[in-house]
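Residues per chain, in single letters:
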Amino acid sequence: MSDDIVTADAGAADATPIQAGSVKKNSFVVLKGFPCKVVDISTSKTGKHGHAKANIVGIDIFTGKKYEEMCPTSHNILQPVVNRKDYQLVDIEDDGFVVLMDENNETRSDLKLDLENDEVHKKIKQDFDEGKELLVTVLSAMKIEKIIASKELNS
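As annotated in an unreviewed UniProt entry, the protein chain carries the name Eukaryotic translation initiation factor 5A and comes from Galdieria yellowstonensis. Taken from UniProt, the Sequence similarities (unreviewed entry) comment for the protein chain reads in full: "Belongs to the eIF-5A family."

Engineer: Help me out: how do you make sense of the side chain of Asn55 in this one?
Structural biologist: Its location among the elements puts Asn55 in strand β4 (residues 53-60). Residue Asn55 is classed as buried on the basis of its relative accessible area, which comes to 17%. Within the structure, the side chain of Asn55 is placed 3.1 Å from the side chain of Glu68, a separation counted as a polar contact.

Engineer: In this structure, what is going on with the sheet that holds strand β9 (residues 107-112)? I would like to understand it.
Structural biologist: Hydrogen bonds along the backbone pair up the strands of a sheet, which may run parallel or antiparallel. Read from one edge of the open sheet, 5 strands run β9-β8-β7-β10-β11, paired in antiparallel fashion. Either end of the sheet is taken by a strand with one partner, and the two such strands are β9 and β11 (144-152). Sheet twist, expressed as the average angle between the axes of neighbouring strands with direction ignored, equals 45°. The pairing of strand β10 (residues 134-141) with β11 spans 8 bridges and is antiparallel. Bridge assignment links Ala141 to a residue of β11, and that residue is Ile144.

Engineer: Before we go on, may I ask you to explain unusual backbone geometry in this structure?
Structural biologist: Excluding glycine, residues mostly have negative phi values, and the peptide bonds linking residues are mostly trans. Within the chain, Lys32 stands out as a residue other than glycine whose phi angle is a positive 55°. Among the structural elements, Lys32 can be located in the loop between β2 (28-31) and β3 (34-44). For Met142, which is not a glycine, the phi torsion comes out positive at approximately 50°. Inspection of the secondary structure puts Met142 in the loop between β10 and β11. Take Met142: its relative accessible area is 24%, and that puts it in the partly exposed class.

Analysis parameters
Residues numbered from 1 in each chain as written. Predicted model: local features only at pLDDT ≥ 70, side-chain atom pairs only at ≥ 80, totals over all residues. Heavy atoms only, no water. UniProt positions renumbered as here; feature names shortened; annotations may be inferred. Helix = DSSP H or I, 4+ residues; strand = E, 2+ residues; numbered from the N terminus. Buried < 20%, exposed > 50% of the residue type's maximum accessible area, 1.4 Å probe, protein only. Polar contact = N/O pair within 3.5 Å; in protein donor to acceptor, adjacent residues only side chain to side chain. Pairing = 2+ DSSP bridges. Axes fitted to C-alpha atoms, helices over the stretch in contact; angles between N-to-C directions.

As structure tokens, this is what we get:
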């Protein structure tokens, strides 16, 4: 018998179930497997013995892509656990990876700027190259993390 422990993770801790009928606009839900912010929700009653249905439209919080899902209001839908945290930008490596420091002075360098496609990331690089001290906001949900905003630190 081996002492190796094998764990399988279905992403359950990354999201909690909520009733589809209680989803509100601007809340977060998982649509088609992606964490999304709800931009539109409508409910419709169906026939004599059918369920009321909720039509939920959301925008992926990381890519901006639109997703739509329809499900009975009595059924559960997943709500992602979304966190945002601010870090001070310490350095931008040549390969695009950033060195970030949190409020406990602990650094991390596992996030990369997408300088090709992301306007926010281009602005961060430009401001950093100009010598500005920046605070960046990292959004995390369902094991995905992305820098979504920056602001200049007023020293």
